[in-house]
Amino acid sequence: MDDESLAIRDVVCRFVGDRIRPEVASWYESGRIPVRELAKELGSIGVLGMHLTGYECAGMSATAYGLACMELEAGDSGLRSLVSVQGSLAMYAIWKHGSEEQKQEWLPRMAAGDAIGCFGLTEPDYGSDPGGMRTRARRDGDDWILTGNKMWITNGSVADVAVVWARTDDGVRGFVVPTDTPGFSAPEITKKLSLRASVTSELVLDEVRLPAGALLPGAQGLSGPLSCLNEARFGIVFGALGAARDCLDATLNYAGQREIFDKPLSAFQLTQAKLADMTLELGKGMLLALHLGKLKDDGSVAPEQISLGKLNNVREAIAIARECRTVLGAAGITLEHPVMRHANNLESVLTYEGTSEVHQLTIGRALTGHAAFR
Ligand code: TGC
Ligand code: FAD
(Lines give C-alpha, C1' and ligand atoms only; values in the text may rest on other atoms or scores of the structure.)
(Ligands and ions follow the chains in the order given, each with its own letter.)
Protein backbone atom coordinates (compact mmCIF):
# COMPACT_ATOMS: atom_id res chain seq x y z
CA MET A 1 0.00 0.00 0.00
CA ASP A 2 1.41 3.38 -0.94
CA ASP A 3 1.58 6.41 1.36
CA GLU A 4 -1.26 8.18 -0.45
CA SER A 5 -3.63 5.23 0.13
CA LEU A 6 -2.69 5.03 3.80
CA ALA A 7 -3.14 8.78 4.21
CA ILE A 8 -6.67 8.78 2.78
CA ARG A 9 -7.51 5.73 4.87
CA ASP A 10 -6.45 7.66 7.99
CA VAL A 11 -8.46 10.75 7.00
CA VAL A 12 -11.61 8.67 6.51
CA CYS A 13 -10.98 6.73 9.73
CA ARG A 14 -10.78 10.03 11.67
CA PHE A 15 -13.92 11.37 9.96
CA VAL A 16 -15.83 8.23 10.90
CA GLY A 17 -14.56 8.37 14.48
CA ASP A 18 -15.37 12.06 14.99
CA ARG A 19 -18.50 12.54 12.93
CA ILE A 20 -20.22 9.18 12.43
CA ARG A 21 -19.63 6.99 15.49
CA PRO A 22 -21.15 9.42 18.00
CA GLU A 23 -24.39 9.70 15.99
CA VAL A 24 -24.90 6.62 13.87
CA ALA A 25 -26.86 4.56 16.39
CA SER A 26 -29.45 7.32 16.76
CA TRP A 27 -29.68 7.78 12.97
CA TYR A 28 -30.19 4.05 12.70
CA GLU A 29 -32.83 3.98 15.43
CA SER A 30 -34.77 6.92 14.00
CA GLY A 31 -34.33 5.80 10.39
CA ARG A 32 -33.20 9.34 9.52
CA ILE A 33 -29.77 10.41 8.27
CA PRO A 34 -28.66 13.94 7.28
CA VAL A 35 -27.59 12.92 3.77
CA ARG A 36 -27.23 16.43 2.38
CA GLU A 37 -24.94 17.62 5.21
CA LEU A 38 -22.92 14.42 5.11
CA ALA A 39 -22.50 14.62 1.33
CA LYS A 40 -20.84 18.04 1.65
CA GLU A 41 -18.57 16.78 4.43
CA LEU A 42 -17.65 13.68 2.43
CA GLY A 43 -17.01 15.95 -0.57
CA SER A 44 -14.70 18.11 1.53
CA ILE A 45 -12.52 15.10 2.49
CA GLY A 46 -12.38 14.13 -1.19
CA VAL A 47 -14.00 10.68 -1.20
CA LEU A 48 -16.87 11.28 -3.66
CA GLY A 49 -15.79 9.88 -7.02
CA MET A 50 -12.25 9.71 -5.59
CA HIS A 51 -11.10 7.05 -8.07
CA LEU A 52 -12.21 9.11 -11.11
CA THR A 53 -9.93 11.55 -12.92
CA GLY A 54 -10.63 15.15 -14.00
CA TYR A 55 -13.76 17.21 -13.26
CA GLU A 56 -12.48 17.98 -9.74
CA CYS A 57 -12.36 14.31 -8.77
CA ALA A 58 -9.37 13.17 -6.69
CA GLY A 59 -7.97 10.67 -9.25
CA MET A 60 -6.79 8.18 -6.60
CA SER A 61 -6.10 4.48 -7.02
CA ALA A 62 -8.69 1.71 -6.79
CA THR A 63 -6.92 0.41 -3.69
CA ALA A 64 -7.16 3.82 -2.00
CA TYR A 65 -10.87 3.89 -2.84
CA GLY A 66 -11.29 0.40 -1.40
CA LEU A 67 -9.56 1.37 1.84
CA ALA A 68 -11.81 4.43 2.13
CA CYS A 69 -14.86 2.17 1.67
CA MET A 70 -13.56 -0.10 4.42
CA GLU A 71 -13.29 2.79 6.90
CA LEU A 72 -16.69 4.18 5.89
CA GLU A 73 -18.38 0.83 6.35
CA ALA A 74 -16.68 0.37 9.73
CA GLY A 75 -18.92 3.33 10.60
CA ASP A 76 -22.06 1.99 8.89
CA SER A 77 -22.92 0.26 5.60
CA GLY A 78 -25.38 3.11 4.95
CA LEU A 79 -22.52 5.62 4.88
CA ARG A 80 -20.51 3.46 2.46
CA SER A 81 -23.65 3.05 0.35
CA LEU A 82 -24.02 6.82 0.09
CA VAL A 83 -20.45 7.07 -1.19
CA SER A 84 -20.71 3.99 -3.45
CA VAL A 85 -23.87 5.17 -5.14
CA GLN A 86 -22.59 8.70 -5.58
CA GLY A 87 -19.09 7.86 -6.83
CA SER A 88 -19.20 4.39 -8.31
CA LEU A 89 -22.69 4.35 -9.78
CA ALA A 90 -24.08 7.82 -10.55
CA MET A 91 -20.78 9.71 -11.11
CA TYR A 92 -19.06 6.75 -12.77
CA ALA A 93 -21.98 6.32 -15.22
CA ILE A 94 -21.66 9.97 -16.28
CA TRP A 95 -17.83 9.89 -16.24
CA LYS A 96 -17.63 6.69 -18.32
CA HIS A 97 -20.65 7.00 -20.62
CA GLY A 98 -21.63 10.70 -20.53
CA SER A 99 -21.18 13.58 -22.98
CA GLU A 100 -18.72 16.38 -22.23
CA GLU A 101 -21.68 18.66 -21.35
CA GLN A 102 -23.09 16.11 -18.90
CA LYS A 103 -19.67 15.68 -17.26
CA GLN A 104 -19.10 19.44 -16.94
CA GLU A 105 -22.59 20.00 -15.60
CA TRP A 106 -22.67 17.29 -12.95
CA LEU A 107 -19.29 15.84 -11.96
CA PRO A 108 -17.65 18.82 -10.17
CA ARG A 109 -20.81 19.45 -8.12
CA MET A 110 -21.17 15.78 -7.29
CA ALA A 111 -17.49 15.49 -6.27
CA ALA A 112 -18.01 18.42 -3.87
CA GLY A 113 -21.20 16.88 -2.48
CA ASP A 114 -23.24 19.89 -3.65
CA ALA A 115 -25.33 17.63 -5.90
CA ILE A 116 -26.46 14.13 -4.91
CA GLY A 117 -26.93 11.35 -7.43
CA CYS A 118 -28.83 8.06 -7.51
CA PHE A 119 -28.76 5.10 -9.90
CA GLY A 120 -32.01 3.51 -11.04
CA LEU A 121 -31.57 0.03 -12.47
CA THR A 122 -33.68 -2.33 -10.29
CA GLU A 123 -37.43 -2.53 -10.85
CA PRO A 124 -40.17 -4.07 -8.72
CA ASP A 125 -40.23 -7.22 -10.91
CA TYR A 126 -36.65 -7.15 -12.21
CA GLY A 127 -33.83 -7.12 -9.67
CA SER A 128 -31.37 -9.92 -10.44
CA ASP A 129 -32.52 -9.89 -14.05
CA PRO A 130 -32.34 -6.21 -15.01
CA GLY A 131 -32.42 -7.17 -18.71
CA GLY A 132 -36.18 -7.70 -18.31
CA MET A 133 -36.80 -4.08 -17.30
CA ARG A 134 -40.10 -2.48 -18.25
CA THR A 135 -39.12 1.19 -17.92
CA ARG A 136 -39.37 2.55 -21.42
CA ALA A 137 -37.93 5.59 -23.20
CA ARG A 138 -39.58 6.61 -26.46
CA ARG A 139 -38.77 9.45 -28.83
CA ASP A 140 -41.02 12.43 -29.37
CA GLY A 141 -39.30 14.59 -31.97
CA ASP A 142 -35.84 15.26 -30.49
CA ASP A 143 -37.07 14.68 -26.95
CA TRP A 144 -37.28 11.45 -24.95
CA ILE A 145 -40.29 10.44 -22.83
CA LEU A 146 -39.56 8.07 -19.91
CA THR A 147 -42.22 5.95 -18.21
CA GLY A 148 -41.80 3.28 -15.57
CA ASN A 149 -40.89 2.47 -11.96
CA LYS A 150 -37.58 1.77 -10.27
CA MET A 151 -37.41 0.15 -6.83
CA TRP A 152 -34.98 0.05 -3.89
CA ILE A 153 -33.02 3.06 -5.07
CA THR A 154 -30.44 4.39 -2.60
CA ASN A 155 -30.64 8.19 -2.16
CA GLY A 156 -33.64 8.36 -4.54
CA SER A 157 -35.69 10.88 -2.51
CA VAL A 158 -32.73 13.14 -1.74
CA ALA A 159 -31.08 13.07 -5.16
CA ASP A 160 -30.66 16.06 -7.46
CA VAL A 161 -29.95 13.81 -10.41
CA ALA A 162 -30.96 10.24 -11.24
CA VAL A 163 -29.15 8.04 -13.73
CA VAL A 164 -32.05 5.97 -15.05
CA TRP A 165 -31.75 2.90 -17.28
CA ALA A 166 -34.61 2.30 -19.73
CA ARG A 167 -35.54 0.11 -22.67
CA THR A 168 -35.54 1.87 -26.08
CA ASP A 169 -35.90 0.69 -29.68
CA ASP A 170 -32.08 0.54 -29.57
CA GLY A 171 -31.83 -1.66 -26.46
CA VAL A 172 -31.12 -0.51 -22.88
CA ARG A 173 -29.93 3.11 -22.67
CA GLY A 174 -29.06 5.41 -19.76
CA PHE A 175 -30.54 8.87 -19.09
CA VAL A 176 -29.41 11.72 -16.86
CA VAL A 177 -32.62 12.92 -15.20
CA PRO A 178 -32.68 16.08 -13.03
CA THR A 179 -35.07 15.11 -10.25
CA ASP A 180 -37.05 18.36 -10.54
CA THR A 181 -38.22 17.35 -14.03
CA PRO A 182 -42.07 17.21 -14.14
CA GLY A 183 -43.36 13.63 -13.87
CA PHE A 184 -40.44 12.45 -11.67
CA SER A 185 -41.15 11.54 -8.06
CA ALA A 186 -39.33 9.39 -5.48
CA PRO A 187 -41.38 8.16 -2.53
CA GLU A 188 -39.21 6.90 0.32
CA ILE A 189 -39.39 3.22 1.34
CA THR A 190 -39.98 2.90 5.08
CA LYS A 191 -40.28 0.04 7.61
CA LYS A 192 -36.76 -1.22 6.77
CA LEU A 193 -34.96 -3.38 9.33
CA SER A 194 -31.62 -3.05 7.54
CA LEU A 195 -29.68 -0.04 6.25
CA ARG A 196 -31.81 2.22 8.39
CA ALA A 197 -29.14 4.94 8.25
CA SER A 198 -29.64 5.23 4.50
CA VAL A 199 -32.39 6.60 2.27
CA THR A 200 -34.02 3.99 0.01
CA SER A 201 -36.73 4.98 -2.46
CA GLU A 202 -38.94 4.06 -5.36
CA LEU A 203 -38.55 6.16 -8.52
CA VAL A 204 -41.74 6.93 -10.44
CA LEU A 205 -41.31 8.15 -14.00
CA ASP A 206 -44.64 9.36 -15.33
CA GLU A 207 -44.15 10.60 -18.89
CA VAL A 208 -40.92 12.41 -17.94
CA ARG A 209 -39.90 14.58 -20.91
CA LEU A 210 -36.15 15.00 -21.42
CA PRO A 211 -34.10 16.79 -24.09
CA ALA A 212 -31.95 14.76 -26.51
CA GLY A 213 -28.88 15.73 -24.46
CA ALA A 214 -30.12 13.67 -21.49
CA LEU A 215 -29.13 10.39 -23.18
CA LEU A 216 -25.79 8.90 -22.05
CA PRO A 217 -24.17 8.58 -25.50
CA GLY A 218 -21.53 6.03 -24.51
CA ALA A 219 -23.73 3.25 -23.12
CA GLN A 220 -25.71 0.88 -25.30
CA GLY A 221 -27.11 -2.41 -24.02
CA LEU A 222 -26.97 -3.99 -20.57
CA SER A 223 -23.17 -3.73 -20.45
CA GLY A 224 -23.68 0.02 -19.76
CA PRO A 225 -25.19 -0.37 -16.27
CA LEU A 226 -23.27 -3.60 -15.55
CA SER A 227 -19.95 -1.81 -16.11
CA CYS A 228 -20.93 0.60 -13.31
CA LEU A 229 -21.81 -2.28 -11.00
CA ASN A 230 -18.23 -3.59 -11.25
CA GLU A 231 -17.05 -0.33 -9.66
CA ALA A 232 -19.49 -0.42 -6.75
CA ARG A 233 -19.04 -4.16 -6.17
CA PHE A 234 -15.29 -3.58 -5.92
CA GLY A 235 -15.86 -1.03 -3.13
CA ILE A 236 -18.04 -3.55 -1.28
CA VAL A 237 -15.24 -6.15 -1.37
CA PHE A 238 -13.33 -3.82 1.00
CA GLY A 239 -16.34 -2.20 2.67
CA ALA A 240 -17.86 -5.38 4.09
CA LEU A 241 -14.56 -6.09 5.86
CA GLY A 242 -14.81 -2.72 7.60
CA ALA A 243 -18.15 -3.71 9.12
CA ALA A 244 -16.70 -7.10 10.15
CA ARG A 245 -13.60 -5.47 11.67
CA ASP A 246 -15.74 -3.09 13.69
CA CYS A 247 -17.77 -6.05 15.02
CA LEU A 248 -14.62 -7.90 15.96
CA ASP A 249 -13.09 -4.83 17.69
CA ALA A 250 -16.27 -4.31 19.73
CA THR A 251 -16.39 -8.01 20.61
CA LEU A 252 -12.75 -8.24 21.71
CA ASN A 253 -13.32 -5.25 23.92
CA TYR A 254 -16.53 -6.67 25.38
CA ALA A 255 -15.10 -10.15 25.93
CA GLY A 256 -12.13 -8.66 27.77
CA GLN A 257 -14.38 -6.82 30.22
CA ARG A 258 -17.26 -9.23 30.71
CA GLU A 259 -16.75 -11.59 33.65
CA ILE A 260 -18.57 -14.92 33.63
CA PHE A 261 -17.90 -17.95 35.80
CA ASP A 262 -15.36 -15.79 37.68
CA LYS A 263 -13.10 -14.88 34.79
CA PRO A 264 -13.10 -12.74 31.64
CA LEU A 265 -15.15 -14.12 28.74
CA SER A 266 -12.03 -13.72 26.56
CA ALA A 267 -10.13 -16.18 28.76
CA PHE A 268 -12.33 -19.14 27.72
CA GLN A 269 -11.06 -21.46 25.00
CA LEU A 270 -14.38 -21.48 23.15
CA THR A 271 -14.35 -17.67 22.97
CA GLN A 272 -10.76 -17.65 21.77
CA ALA A 273 -11.56 -20.21 19.07
CA LYS A 274 -14.31 -17.91 17.79
CA LEU A 275 -12.03 -14.86 17.91
CA ALA A 276 -9.20 -16.71 16.17
CA ASP A 277 -11.43 -18.07 13.38
CA MET A 278 -12.98 -14.67 12.78
CA THR A 279 -9.56 -12.97 12.67
CA LEU A 280 -8.44 -15.61 10.16
CA GLU A 281 -11.41 -14.94 7.84
CA LEU A 282 -10.98 -11.18 8.18
CA GLY A 283 -7.31 -11.49 7.24
CA LYS A 284 -8.03 -13.78 4.27
CA GLY A 285 -10.71 -11.36 3.07
CA MET A 286 -8.25 -8.47 3.36
CA LEU A 287 -5.62 -10.30 1.30
CA LEU A 288 -8.24 -11.02 -1.34
CA ALA A 289 -9.36 -7.37 -1.36
CA LEU A 290 -5.80 -6.06 -1.68
CA HIS A 291 -5.05 -8.56 -4.45
CA LEU A 292 -8.14 -7.44 -6.39
CA GLY A 293 -7.14 -3.83 -5.74
CA LYS A 294 -3.74 -4.50 -7.31
CA LEU A 295 -5.36 -6.19 -10.33
CA LYS A 296 -7.80 -3.27 -10.71
CA ASP A 297 -5.00 -0.72 -10.45
CA ASP A 298 -3.11 -2.68 -13.14
CA GLY A 299 -6.26 -2.60 -15.32
CA SER A 300 -6.49 -6.39 -15.43
CA VAL A 301 -9.33 -7.33 -13.07
CA ALA A 302 -12.15 -9.41 -14.62
CA PRO A 303 -15.81 -8.98 -13.53
CA GLU A 304 -15.92 -12.59 -12.28
CA GLN A 305 -12.95 -11.87 -9.99
CA ILE A 306 -14.88 -8.98 -8.46
CA SER A 307 -17.84 -11.38 -8.07
CA LEU A 308 -15.56 -13.74 -6.18
CA GLY A 309 -14.45 -10.97 -3.85
CA LYS A 310 -17.97 -9.68 -3.22
CA LEU A 311 -19.34 -13.18 -2.64
CA ASN A 312 -16.61 -14.18 -0.20
CA ASN A 313 -16.14 -10.97 1.74
CA VAL A 314 -19.82 -10.20 2.30
CA ARG A 315 -20.57 -13.83 3.17
CA GLU A 316 -17.70 -13.91 5.69
CA ALA A 317 -18.51 -10.45 7.06
CA ILE A 318 -22.07 -11.46 7.85
CA ALA A 319 -20.86 -14.72 9.44
CA ILE A 320 -18.43 -12.70 11.60
CA ALA A 321 -21.15 -10.23 12.62
CA ARG A 322 -23.47 -13.07 13.64
CA GLU A 323 -20.72 -14.88 15.57
CA CYS A 324 -19.75 -11.64 17.35
CA ARG A 325 -23.38 -11.24 18.38
CA THR A 326 -23.25 -14.60 20.15
CA VAL A 327 -20.20 -13.49 22.17
CA LEU A 328 -22.05 -10.38 23.35
CA GLY A 329 -25.01 -12.41 24.57
CA ALA A 330 -28.09 -10.31 25.28
CA ALA A 331 -26.07 -7.09 25.11
CA GLY A 332 -25.50 -7.93 21.45
CA ILE A 333 -29.09 -7.27 20.46
CA THR A 334 -29.03 -3.55 21.34
CA LEU A 335 -27.75 -0.43 19.62
CA GLU A 336 -25.34 0.08 22.56
CA HIS A 337 -22.96 -2.06 20.54
CA PRO A 338 -22.46 -1.82 16.76
CA VAL A 339 -22.64 -5.56 16.13
CA MET A 340 -26.29 -6.23 15.36
CA ARG A 341 -26.59 -2.96 13.42
CA HIS A 342 -23.75 -4.17 11.17
CA ALA A 343 -25.26 -7.68 10.96
CA ASN A 344 -28.62 -6.26 9.90
CA ASN A 345 -26.99 -3.92 7.38
CA LEU A 346 -25.01 -6.77 5.87
CA GLU A 347 -28.30 -8.52 5.01
CA SER A 348 -28.82 -5.75 2.43
CA VAL A 349 -25.20 -5.84 1.32
CA LEU A 350 -25.59 -9.59 0.69
CA THR A 351 -28.54 -8.80 -1.63
CA TYR A 352 -27.64 -5.60 -3.41
CA GLU A 353 -25.01 -5.22 -6.11
CA GLY A 354 -25.78 -8.80 -7.16
CA THR A 355 -27.03 -11.39 -4.68
CA SER A 356 -24.74 -14.19 -3.51
CA GLU A 357 -26.53 -16.52 -5.91
CA VAL A 358 -25.96 -14.17 -8.87
CA HIS A 359 -22.24 -14.08 -8.01
CA GLN A 360 -22.10 -17.88 -7.62
CA LEU A 361 -23.68 -18.20 -11.07
CA THR A 362 -21.29 -15.60 -12.52
CA ILE A 363 -18.30 -17.57 -11.18
CA GLY A 364 -19.96 -20.80 -12.35
CA ARG A 365 -20.31 -19.39 -15.86
CA ALA A 366 -16.65 -18.32 -15.93
CA LEU A 367 -15.56 -21.81 -14.78
CA THR A 368 -17.79 -23.92 -16.99
CA GLY A 369 -18.74 -21.75 -19.95
CA HIS A 370 -22.42 -22.45 -19.23
CA ALA A 371 -24.69 -19.55 -18.23
CA ALA A 372 -27.14 -21.01 -15.70
CA PHE A 373 -29.07 -17.81 -14.93
CA ARG A 374 -32.13 -18.93 -16.85
P1 TGC B 1 -25.38 -11.02 -19.96
O2 TGC B 1 -25.82 -11.63 -21.26
O3 TGC B 1 -24.50 -11.78 -19.06
O4 TGC B 1 -24.68 -9.62 -20.24
C5 TGC B 1 -25.30 -8.60 -21.02
C6 TGC B 1 -24.17 -7.70 -21.50
O7 TGC B 1 -23.48 -7.13 -20.37
C8 TGC B 1 -22.10 -7.58 -20.37
N9 TGC B 1 -21.74 -7.84 -18.97
C10 TGC B 1 -20.93 -7.04 -18.26
N11 TGC B 1 -20.28 -5.93 -18.60
C12 TGC B 1 -19.54 -5.33 -17.66
N13 TGC B 1 -19.45 -5.80 -16.39
C14 TGC B 1 -20.11 -6.91 -16.01
N15 TGC B 1 -20.02 -7.34 -14.75
C16 TGC B 1 -20.90 -7.59 -16.96
N17 TGC B 1 -21.69 -8.70 -16.93
C18 TGC B 1 -22.19 -8.85 -18.16
C19 TGC B 1 -22.07 -8.81 -21.23
O20 TGC B 1 -20.80 -9.01 -21.78
C21 TGC B 1 -23.10 -8.46 -22.30
O22 TGC B 1 -22.50 -7.51 -23.18
P23 TGC B 1 -22.91 -7.47 -24.73
O24 TGC B 1 -22.06 -6.38 -25.30
O25 TGC B 1 -22.61 -8.85 -25.26
O26 TGC B 1 -24.38 -7.17 -24.78
O27 TGC B 1 -26.70 -10.54 -19.19
P28 TGC B 1 -27.82 -11.36 -18.45
O29 TGC B 1 -29.13 -10.72 -18.82
O30 TGC B 1 -27.66 -12.84 -18.70
O31 TGC B 1 -27.53 -11.03 -16.90
C32 TGC B 1 -26.38 -11.45 -16.27
C33 TGC B 1 -26.43 -11.11 -14.77
C34 TGC B 1 -27.52 -11.89 -14.07
C35 TGC B 1 -25.08 -11.50 -14.19
C36 TGC B 1 -26.64 -9.60 -14.56
O37 TGC B 1 -27.85 -9.20 -15.04
C38 TGC B 1 -26.49 -9.16 -13.12
O39 TGC B 1 -25.39 -8.80 -12.71
N40 TGC B 1 -27.58 -9.12 -12.28
C41 TGC B 1 -27.55 -8.53 -10.93
C42 TGC B 1 -28.12 -7.16 -10.96
C43 TGC B 1 -27.49 -6.24 -9.94
O44 TGC B 1 -26.43 -6.48 -9.40
N45 TGC B 1 -28.13 -5.12 -9.68
C46 TGC B 1 -27.59 -4.12 -8.80
C47 TGC B 1 -28.38 -2.83 -8.90
S48 TGC B 1 -27.53 -1.40 -8.25
C49 TGC B 1 -27.47 -1.68 -6.60
O50 TGC B 1 -27.81 -2.69 -6.10
C51 TGC B 1 -26.92 -0.56 -5.78
S52 TGC B 1 -26.91 -0.94 -4.10
C53 TGC B 1 -26.32 0.43 -3.32
C54 TGC B 1 -24.85 0.35 -3.01
O55 TGC B 1 -24.03 -0.03 -3.84
O56 TGC B 1 -24.47 0.67 -1.89
P1 FAD C 1 -34.71 -11.17 -6.81
O2 FAD C 1 -33.97 -10.93 -8.08
O3 FAD C 1 -36.19 -11.30 -6.86
O4 FAD C 1 -34.08 -12.46 -6.11
C5 FAD C 1 -34.76 -13.19 -5.07
C6 FAD C 1 -33.93 -14.42 -4.75
O7 FAD C 1 -33.82 -15.23 -5.93
C8 FAD C 1 -32.49 -14.10 -4.33
O9 FAD C 1 -32.05 -14.99 -3.35
C10 FAD C 1 -31.72 -14.34 -5.61
O11 FAD C 1 -30.35 -14.64 -5.42
C12 FAD C 1 -32.46 -15.52 -6.18
N13 FAD C 1 -32.22 -15.66 -7.61
C14 FAD C 1 -32.31 -14.71 -8.56
N15 FAD C 1 -31.98 -15.21 -9.76
C16 FAD C 1 -31.65 -16.50 -9.55
C17 FAD C 1 -31.22 -17.56 -10.40
N18 FAD C 1 -31.04 -17.36 -11.71
N19 FAD C 1 -31.01 -18.78 -9.85
C20 FAD C 1 -31.18 -18.98 -8.51
N21 FAD C 1 -31.59 -18.03 -7.65
C22 FAD C 1 -31.82 -16.79 -8.17
N23 FAD C 1 -30.89 -1.18 -7.02
C24 FAD C 1 -30.56 -0.14 -7.83
O25 FAD C 1 -30.74 -0.21 -9.04
N26 FAD C 1 -30.05 1.01 -7.31
C27 FAD C 1 -29.85 1.19 -5.98
O28 FAD C 1 -29.37 2.24 -5.55
C29 FAD C 1 -30.19 0.10 -5.09
N30 FAD C 1 -30.07 0.25 -3.74
C31 FAD C 1 -30.52 -0.75 -2.90
C32 FAD C 1 -30.53 -0.54 -1.52
C33 FAD C 1 -31.02 -1.53 -0.67
C34 FAD C 1 -31.08 -1.28 0.81
C35 FAD C 1 -31.46 -2.77 -1.19
C36 FAD C 1 -31.94 -3.85 -0.29
C37 FAD C 1 -31.47 -2.97 -2.56
C38 FAD C 1 -31.01 -1.96 -3.43
N39 FAD C 1 -31.07 -2.12 -4.83
C40 FAD C 1 -30.73 -1.08 -5.67
C41 FAD C 1 -31.70 -3.30 -5.40
C42 FAD C 1 -30.80 -4.54 -5.44
O43 FAD C 1 -29.82 -4.42 -6.41
C44 FAD C 1 -31.71 -5.74 -5.69
O45 FAD C 1 -32.45 -5.95 -4.51
C46 FAD C 1 -30.92 -7.00 -6.06
O47 FAD C 1 -30.34 -6.87 -7.33
C48 FAD C 1 -31.80 -8.28 -6.02
O49 FAD C 1 -33.00 -8.09 -6.68
P50 FAD C 1 -34.40 -8.49 -5.96
O51 FAD C 1 -34.40 -7.85 -4.62
O52 FAD C 1 -35.47 -8.11 -6.91
O53 FAD C 1 -34.32 -10.03 -5.75
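Residues numbered from 1 in each chain as written. Chains lettered and ligands numbered in written order. Predicted model: local features only at pLDDT ≥ 70, side-chain atom pairs only at ≥ 80, totals over all residues. Heavy atoms only, no water.

(A) Representation of the nonpolar core within the structure. Within the largest apolar cluster, 67 residues are counted, with the highest numbers of intra-cluster contacts made by I20, L38, L42, V47, M50 and L346. The leading source of residues in this core is helix α7 (residues 223–257), at 13 residues. If near-sequence neighbours (up to four positions away) are discounted, V47 is found in contact with I8, V12, L42, A68 and V83. Counting residues in each nonpolar core, the second largest holds 27 residues, with L52, A90, M91 and V176 among its members. (Core = buried A, V, L, I, M, F, W, Y, C linked by side-chain atoms within 4.5 Å. Buried < 20%, exposed > 50% of the residue type's maximum accessible area, 1.4 Å probe, protein only. Helix = DSSP H or I, 4+ residues; strand = E, 2+ residues; numbered from the N terminus. Contact = heavy atoms within 4.5 Å.)

(B) Inspection of the domain arrangement of the protein at higher detail. In terms of domains, the protein is made up of domain 1 (3–116), domain 2 (118–214) and domain 3 (223–368). Between the C-alpha centres of domain 1 and domain 2 the distance comes to 22 Å. With 27 residues of domain 1 at the interface, the matching set in domain 2 holds 22 residues. When the two sides are added together, the surface that domain 1 and domain 2 hide from each other amounts to roughly 1900 Å², 63% of it contributed by carbon and sulfur. When residues of domain 1 are sorted by the area they lose upon contact with domain 2, Y28, W106 and I116 head the list and together hold 28% of the total. A salt bridge links R36 to D160, with the nearest nitrogen and oxygen atoms 3.2 Å apart. Counting across the domain 1 and domain 2 interface gives nine residue pairs in polar contact (both at pLDDT 80 or more). Elements that contribute at least two residues to the side of domain 1 that touches domain 2 include exactly α2 (24–30), α3 (35–44), α5 (77–97) and α6 (100–112). The element that contributes the greatest number of residues to the side of domain 1 that touches domain 2 is α5, accounting for eleven residues. Its residues assigned to classes, the side of domain 1 that touches domain 2 comprises 15 nonpolar, seven polar and five charged. (Domains from an automatic or database assignment. Buried area = accessible area lost by both parts, 1.4 Å probe. Salt bridge = Lys/Arg side-chain N within 4 Å of Asp/Glu carboxyl O. Polar contact = N/O pair within 3.5 Å; in protein donor to acceptor, adjacent residues only side chain to side chain. Nonpolar A, V, L, I, M, F, W, Y, C, P; charged D, E, K, R; others polar.)

(C) Examining helix α9 (residues 303–328) more closely. Taking 1.5 Å of rise per residue, 26 residues should cover 38 Å, and α9 covers 37 Å from first to last C-alpha, within 8% of that figure. Directly after α9, the chain includes G329, whose backbone phi takes a positive value near 60 degrees. (Expected span 1.5 Å × (residues − 1).)

(D) Quick peek at a negative patch on the surface. Together, D2, D3, E4 and D297 make up a region of like negative charge exposed at the surface. Tracing the chain through its elements places D2 in the segment before α1 (3–20). In this structure D2 comes out as partly exposed when scored by relative accessible area, which is 41%. (Patch = residues over 30% accessible without salt bridge, like charges linked within 9 Å, V, L, I, M, F, W, Y side chains within 5 Å. Areas by Shrake-Rupley, 256 points an atom, 1.4 Å probe, with all protein chains shown as cover. Lys, Arg positive; Asp, Glu negative; His and termini not counted. Charge placed at Lys NZ, Arg CZ, Asp CG, Glu CD.)

(E) Here's a closer look at the packing of aromatic side chains. By the definition in use, this model includes four aromatic pairs. If you follow K263 out to its NZ or CZ, it ends over the ring of F268, 4.6 Å from the centre. Here the guanidinium or amino end of K296 rests over the ring plane of F234, the centre of that ring lying 5.4 Å away. (Phe/Tyr/Trp six-rings, centres within 6.5 Å; stacked < 30°, edge-to-face > 60°. Lys NZ or Arg CZ within 6 Å of the ring centre and 35° of its normal.)

(F) Representation of the layout of surface pockets. There is about 1300 Å³ of room inside the largest pocket. Taken together, 46 residues make up the lining of the largest pocket; nearest its centre are G127, L229, R233, E353 and G354. Mapped onto the lining of the largest pocket, the elements with two or more residues apiece are α5, β3 (143–154), α7, α9, α10 (339–351) and α11 (356–368). Looking at the lining of the largest pocket residue by residue, the class counts come to 19 nonpolar, 17 polar and ten charged. (1 Å grid on protein atoms, 1.4 Å probe; cavity = no way out; pocket = protein on both sides within 12 Å on 5 of 7 lines; lining within 4 Å. Points joined across faces, edges and corners; volume = space filled by probe spheres on them.)

(G) Structural view of the pairing of β3. Across five bridges, the pairing between strand β2 (residues 136–140) and β3 is antiparallel. Bridging from a neighbouring strand, R136 pairs with T147 of β3. In this antiparallel pair of consecutive strands, β2 and β3, the connection spans two residues, and G141 shows a positive phi of 65 degrees. The pairing of β3 with strand β7 (residues 200–210) spans eight bridges and is antiparallel. Looking at the pairing, I145 lines up with R209 of β7. (Pairing = 2+ DSSP bridges.)

(H) Fine view of the side chain of S77. On the secondary structure map, S77 appears in helix α5. Engagement of the side chain of S77 in a polar contact is seen with the side chain of E73, the distance being 2.7 Å. When residues no more than four places from it in sequence are discounted, the contact partners of S77 are L195, N345, L346, V349 and Y352.

(I) Highlighting the state of the cysteines. Tallied over the full model, the rule gives zero disulfides. The structure places no disulfide on C57, whose sulfur is separated from the nearest cysteine sulfur, that of C228, by 14 Å. When its relative accessible area of 13% is taken as the criterion, C57 is described as buried. Free cysteine C118: the closest other cysteine sulfur is in C228, separated by 13 Å. (Disulfide = S-S within 2.5 Å.)

(J) Looking closely at the pattern of salt bridges. In this structure the tally under the stated criterion is 24 salt bridges. Among the salt bridges present, the one from R209 reaches D143, with a minimum N-O distance of 2.9 Å. Separated by 66 residues along the polypeptide, R209 in strand β7 and D143 in strand β3 bring together distant segments of the chain. Using a relative accessible area of 42% as the deciding quantity, one classes R209 as partly exposed. For E231, the salt bridge goes to K296, with nearest N and O atoms at 3.0 Å. Note that E231 is positioned in helix α7 and K296 in helix α8 (residues 269–297), a separation of 65 residues in sequence. Judged by its relative accessible area of 17%, K296 is buried. Where salt bridges share partners, they join R19, E23, E37 and E41 into one cluster.

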